[in-house]
Amino acid sequence: MSVANAAGMTLPAGSAVDPAADPAAAHGAAHHQDYEGDKTGMWLFLFTEFALFAALFVIYGVYRIIYTPEFHHAAANLNVAAGVTNTVILLTSSLTMVLAVNALQRGENRRSMALLWATMALALAFMVIKYFEWGAKFEHGLYPGSEHLLAMDGGEIVFFGLYFVMTGLHGIHVLLGVGAMLFLLPRIKSGRQSATNYTLTENVGLYWHLVDVIWIFLLPLFYLTN
Amino acid sequence: MANQANQQEQAARPEGAAGTASGNATDNITGPATGNAAAAVHHLLPDSLFVAVWGALVVLTAITSGASVWFPGTVGHTVALIVTPLKAALVLTFFMHLKYESVGFRAMLFATLGIVVVFLGLTYMDYLYR
């Protein structure tokens, strides 16, 4: 990074350096931000995340075919209002995220940071609702391996198992997203992320939107299945 | 404001150049003078576009939730089956900028989606018709 930056910095000043004569310098200057490369890497990572959840969707689909009535019965225990509220919260956080990227690209670093804080606040609200939702399940004796759960039908055990694994894995992703934003904030504040160098911010945004997309699928699979 | 308009103009101009920006030596030599490759590739979009997309997403969420609460069963499930991929597509197209990226990114996404769809389809066929 520092080598590439140095090449980029010296080129405009030392105009005597002919980029064509020095392929290494030209390469350094032109690629000090490899936009396509950075983006490709991020998308490939997102595909692996997508594949991770897709495998769980396949498991869900197969068991739903085998245990259709049990799945519908078990889903009635879930709090639809909590699921829908969390969907709207996450959609809104996606909006603040994309606006934060947009603000940075216009050179409005302070606005970008404020929007990132808003995104993190919404992520926190999502996790708080999740906490109370899971807490209520635990109070009713519904948690993996509980006596109450194990006394239920096979299909219902599978439903709640998938519910805890998939929403739990998604929750971990939400927390990782907040971590990525906390990593980003000082870089926007110091100007290392700016209107001309924003790929990292965009990639954090991409990650956050993927977390949103996964939740968009989790909503009908678990909450809207009665 | 003038600066913003200028940036938008600059961003909108090299539509066709976006795909060839990387790896094109003649383009790259002028890079330091006219701005970096990222600025050439990127399209600055108005905030209002994203607010509109967000509004559509919230409305679609209301439609699926409403359908499943008031018309549980086949109608609710059918609506969810149609609306949910639509919502995901909106996020991917606008929030994740796929509409404004080069063809390669879209090709990668469709390849991945295709594999998942085939995998899901074959698995379901197996379980539904065995």
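Residues numbered from 1 in each chain as written. Chains lettered and ligands numbered in written order. Predicted model: local features only at pLDDT ≥ 70, side-chain atom pairs only at ≥ 80, totals over all residues.

Draft legend 1. Structural detail: the overall build of chain B. Per the secondary structure count, chain B includes seven helices and zero strands. Sequence-ordered secondary structure for chain B, helices as α and strands as β, is α-α-α-α-α-α-α. The proportion of buried residues among the 130 residues of chain B is 22%. Considering only contacts in chain B between residues 6 or more positions apart, those separated by 24 or more positions represent 48%. (Helix = DSSP H or I, 4+ residues; strand = E, 2+ residues; numbered from the N terminus. Buried ≥ 20, exposed ≤ 12 C-beta atoms within 10 Å, placed from the backbone. Contact = placed C-beta atoms within 7 Å.)

Draft legend 2. Inspection of unusual backbone geometry at higher detail. We note that B:His97 has phi near 65°; this positive angle belongs to a residue other than glycine. Residue classification places B:His97 among the buried residues on the basis of 20 C-beta atoms within 10 Å.

Draft legend 3. Examining the domain arrangement of chain B more closely. Split by domain assignment, chain B resolves into domain 1 (1-44), domain 2 (45-96) and domain 3 (101-130). Averaged C-alpha coordinates put domain 2 of chain B and domain 3 of chain B at centres separated by 21 Å. (Domains from an automatic or database assignment.)

Draft legend 4. Structural view of the confidence of the model for chain A. Residue and element names in this part refer to chain A. Taken as a whole, chain A shows an average pLDDT of 87; of its residues, 86% reach a score of 70 or greater. Ranking the elements of chain A by mean pLDDT puts helix α1 (residues 2-13) last, at 41, and helix α5 (residues 80-105) first, at 97. Scored below 50 in pLDDT, residues 1-31 shows 32 contacts in the model against residues more than four places distant or in partner chains. (pLDDT = per-residue confidence, 0-100.)

Draft legend 5. The arrangement of the nonpolar core in detail. Judged by nonpolar contacts, the single largest core of 67 residues is most densely connected at A:Ala100, A:Phe159, A:Ile214 and A:Leu218. Of all elements in the fold, only α3 (35-66), α4 (68-75), α5, α6 (109-139), α8 (154-189) and α9 (199-223) of chain A together with α5 (47-70) and α6 (74-95) of chain B reach the threshold of two or more residues within this core. Apart from the residues lying within four places of it in its own chain, the contact partners of A:Leu218 are A:Met166, A:Thr167 and A:His170. (Core = buried A, V, L, I, M, F, W, Y, C linked by C-beta atoms within 7 Å.)

Draft legend 6. Seen up close, the confidence of the model for chain B. Residue and element names in this part refer to chain B. Mean pLDDT over chain B stands at 76; residues scoring 70 or higher make up 67%. Taken element by element, the predicted model of chain B shows its lowest mean pLDDT in helix α2 (residues 25-29) (37) and its highest in α5 (96). Of the two predicted TM-score estimates for the complex, the pTM is 0.79 and the ipTM is 0.83.

Draft legend 7. Region of interest: the packing of α5(B) against α6(B). Residues and elements named next belong to chain B. Two numbers describe how α5 lies on α6: the axes approach to 9 Å, and their chain directions differ by 165°. When the interaxial angle is binned, α5 and α6 end up roughly antiparallel. Handedness of the α5/α6 crossing: left-handed. Residues Leu49, Phe50, Val53, Ala56, Leu57, Leu60, Ile63, Thr64, Ala67 and Ser68 of α5 touch α6, and the partners they reach there are Val75, Gly76, Val79, Ala80, Val83, Thr84, Leu86, Lys87, Leu90, Phe94 and Phe95. By residue class, the composition of the contact of α5 with α6 is 16 nonpolar, four polar and one charged. (Axes fitted to C-alpha atoms, helices over the stretch in contact; angles between N-to-C directions. Parallel < 35°, antiparallel > 145°, perpendicular 65-115°, else oblique. Left-handed = near helix turned anticlockwise from the far one by under 90°. Nonpolar A, V, L, I, M, F, W, Y, C, P; charged D, E, K, R; others polar.)

Draft legend 8. A look at the environment of B:Leu86. Following the sequence through the fold, B:Leu86 ends up in helix α6. Along the backbone, B:Leu86 and B:Leu57 are 29 residues apart, and their C-alpha atoms lie at a distance of 9.0 Å.

Draft legend 9. Region of the structure containing α8(A). Given a rise of 1.5 Å per residue, 36 residues ought to cover 52 Å, and the 53 Å separating the end C-alpha atoms of α8(A) matches this to within 8%. Two residues or fewer after α8(A) comes A:Gly191, characterised by a positive phi angle close to 90°. (Expected span 1.5 Å × (residues − 1).)

Draft legend 10. Representation of the environment of A:Leu91. Assignment of secondary structure puts A:Leu91 in helix α5. A:Leu91 sits 125 residues away from A:Ile216 along the chain, and the two C-alpha atoms are 8.7 Å apart. Not counting the four nearest positions on each side in its chain, A:Leu91 is found in contact with A:Asp212, B:Trp54, B:Leu57, B:Val58 and B:Thr61.

Draft legend 11. Spotlight on the packing of α5(A) against α6(A). Residues and elements named next belong to chain A. Orientation of α5 relative to α6, taken along the N-to-C sense of each, is 165°, at an axis distance of 8 Å. Compared by their axis directions, α5 and α6 come out roughly antiparallel. For the pair α5 and α6, the sense of crossing is left-handed. For the contact of α5 with α6, a count of residues per class yields 16 nonpolar, eight polar and three charged.

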